Amino acid sequence: GGKPHRLIDIQSAKNDGILVLKRFSGGGTVVVDHSSLWTTFIGRTALLPHVTPYPREIMEWSADVIFGPAFDRWNREILSDDDDDDDDDAVV
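Being a predicted model, the structure only gives us computed values, none of them experimental.

## Some details on the environment of Pro 53
No. 1: Here Pro 53 is to be found in the loop between α2 (10-15) and α3 (55-81).
No. 2: Sequence separation between Pro 53 and Gly 43 is 10 residues, and the spatial gap between their C-alpha atoms is 9.8 Å.
No. 3: Beyond its immediate stretch of four places on either side in the chain, Pro 53 contacts Thr 45 and Ile 58.

This is the structure:
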C-alpha cells in the first residue's frame, strides 16, 4: 500500500484541515470533492450471515443488493422523465 508521507505533505494537510483516510478496499488514491458519494456499512455479522466480513464480498453484496437496484431505479426515473430521450443524466 501507499505510504502517506510519500504521497502527501502531511503537515500541510493538517494545517489546511484536509481529511485523509485509508480505504479498506485498497486501490489507488481517490480525490474527493463536493459531488462524491461515500457509504459505510456498520453491522453485526450475525445479522448478515450470508455476507462475509471481507472487502471483496462486502463490495459485491452492496453492488448486487443496494447500489445496483438503486441506480437502476434512478436511471429508469431519470429516463422516464426525459422528454427528449437524451440519457446524458443516466448513471452507468
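## Brief notes about the side chain of Ser 62
No. 1: By the element assignment, Ser 62 lies in helix α3.
No. 2: Discounting chain neighbours no more than four positions away, the residues touching Ser 62 are Phe 41, Phe 67 and Gly 68.

## Focus on a nonpolar patch on the surface
No. 1: Together, Leu 7, Ile 8, Ile 10, Ile 18 and Val 20 line one region of the surface with nonpolar side chains, adding up to about 430 Å² of accessible area.
No. 2: One can find Ile 10 in helix α2.
No. 3: A relative accessible area of 35% places Ile 10 in the partly exposed class.

## A closer look at the pattern of salt bridges
No. 1: Tallied over the entire structure, the rule returns one salt bridge.
No. 2: The salt bridge partner of Arg 73 is Glu 77, with a shortest N-O separation of 2.8 Å. Note that Arg 73 and Glu 77 are positioned in helix α3 at a spacing of four residues, about one turn of the helix.

What counts as what
- Residues numbered from 1 in each chain as written.
- Predicted model: local features only at pLDDT ≥ 70, side-chain atom pairs only at ≥ 80, totals over all residues.
- Heavy atoms only, no water.
- Helix = DSSP H or I, 4+ residues; strand = E, 2+ residues; numbered from the N terminus.
- Contact = heavy atoms within 4.5 Å.
- Patch = residues over 30% accessible without salt bridge, like charges linked within 9 Å, V, L, I, M, F, W, Y side chains within 5 Å.
- Areas by Shrake-Rupley, 256 points an atom, 1.4 Å probe, with all protein chains shown as cover.
- Salt bridge = Lys/Arg side-chain N within 4 Å of Asp/Glu carboxyl O.
- Buried < 20%, exposed > 50% of the residue type's maximum accessible area, 1.4 Å probe, protein only.

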